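Here are the chains, one letter per residue:
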Amino acid sequence: EDEERRGGALMAWWNGDGAAKVLARHGEALLLERATGARSLTEMVATGRDDEASRILCDVALRLHAPRPGPPELVPLTRWCEALAPAARTHGGLLARADSAARALLADPRDVVVLHGDIHHGNVLDGGDRGWLAIDPKGLSGERTFDFINILRNPDAAAALAPGRFDRQVALLAAAASVERQRLLDWTLAFAGLSAAWHLADGTPADLDFAVAALAAA
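The following refers to the structure shown. The model shown is predicted, which means the values in this text are computed figures rather than measured ones.

### Here we look at the overall build of the protein
- From N to C terminus, the protein includes ten helices and seven strands.
- Relative to the globule expectation of 17 Å for 218 residues, the C-alpha radius of gyration of the protein, 17 Å, shows essentially globular dimensions.
- With the principal axes as the frame, the protein shows a C-alpha extent of 45 × 40 × 35 Å.
- Expressed as a percentage of its 218 residues, the buried residues of the protein come to 50%.
- Within the protein, counting contacts between residues at least 6 apart in sequence, those at least 24 apart form 71% of the total.
- Element-wise, carbon and sulfur atoms account for 52% of the exposed surface of the protein, whose accessible area totals about 10,200 Å².
- The average position of the 23 basic charges and that of the 30 acidic charges among the side chains of the protein differ by 3 Å.

### What to know about the pairing of strand β1 (residues 22-26)
- For β1 and strand β2 (residues 29-32), the ladder comprises four bridges, and the chain directions are antiparallel. The residue of β2 that forms the bridge with His26 is Ala29.
- What sits between β1 and β2 in their antiparallel hairpin is a turn of two residues, with Gly27 showing a positive phi close to 65°.

### Side note on the environment of Ala20
- Here Ala20 shows up in the loop between α1 (2-14) and β1.
- Judged by its relative accessible area of 3%, Ala20 is buried.
- Residues Ala20 and Asp59 lie 39 residues apart in sequence; the distance between their C-alpha atoms is 15 Å.

### Some details on the sheet that holds strand β7 (residues 140-143)
- Strand order in the open sheet formed by three strands is β3-β7-β4, with mixed pairing between adjacent strands. Since the sheet does not close on itself, it has two edges, and those belong to β3 (75-76) and β4 (112-115), each with one partner.
- Relative to β7, β4 is paired through four bridges, and the arrangement is antiparallel. Its bridge partner lying in β7, Val112 is registered against Glu143.

Reading guide: rules and limits
- Residues numbered from 1 in each chain as written.
- Predicted model: local features only at pLDDT ≥ 70, side-chain atom pairs only at ≥ 80, totals over all residues.
- Heavy atoms only, no water.
- Helix = DSSP H or I, 4+ residues; strand = E, 2+ residues; numbered from the N terminus.
- Rg over C-alpha atoms; globule rule 2.2 N^0.38 Å.
- Buried < 20%, exposed > 50% of the residue type's maximum accessible area, 1.4 Å probe, protein only.
- Contact = heavy atoms within 4.5 Å.
- Areas by Shrake-Rupley, 256 points an atom, 1.4 Å probe, with all protein chains shown as cover.
- Lys, Arg positive; Asp, Glu negative; His and termini not counted.
- Charge placed at Lys NZ, Arg CZ, Asp CG, Glu CD.
- Pairing = 2+ DSSP bridges.

Next up, the structure:
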């Protein structure tokens, strides 16, 4: 798939700085270093170390956002979010609010960087002496705040929707990533709507997306 090819090229471009290193390429195939450390960010959350896991994810994202010459082909957020508007017209409600937030954000982009696109607890692995390493990027470009929103939706619905967790993590991420709280909330609303639109198109449940959208909108 285009997304996988794009992600592979981005992994190679990062050259092991904050991401698993590409050891070899042959056509569209990649040979990656293996992250064999015993630590798990998902396990951290399960054992009461949610804040620590979030700070680690922020640190990795900030490394990936560092400027480097000659990035590969990327998909801009304007194209990534294209499915939201038609879904908003069809379903209204929270999707309409999400679409409105997305339109405002995309019309006024800030701090545009190369984005991983899916930073969360399952996509950053323990690389042992190499530290925490990202895998499975989407290969996007856009406002850097976007790369912190999936932390709020992960590692699972139980954690994401635990009482008080959303507000606490919004404050933590805004400080740790040096992003504006309101823009973090607006991007979270926008992407929750986009993810819901994808699920609705596929006929799969979007309960978590609507719950997170409601939290962000509130």
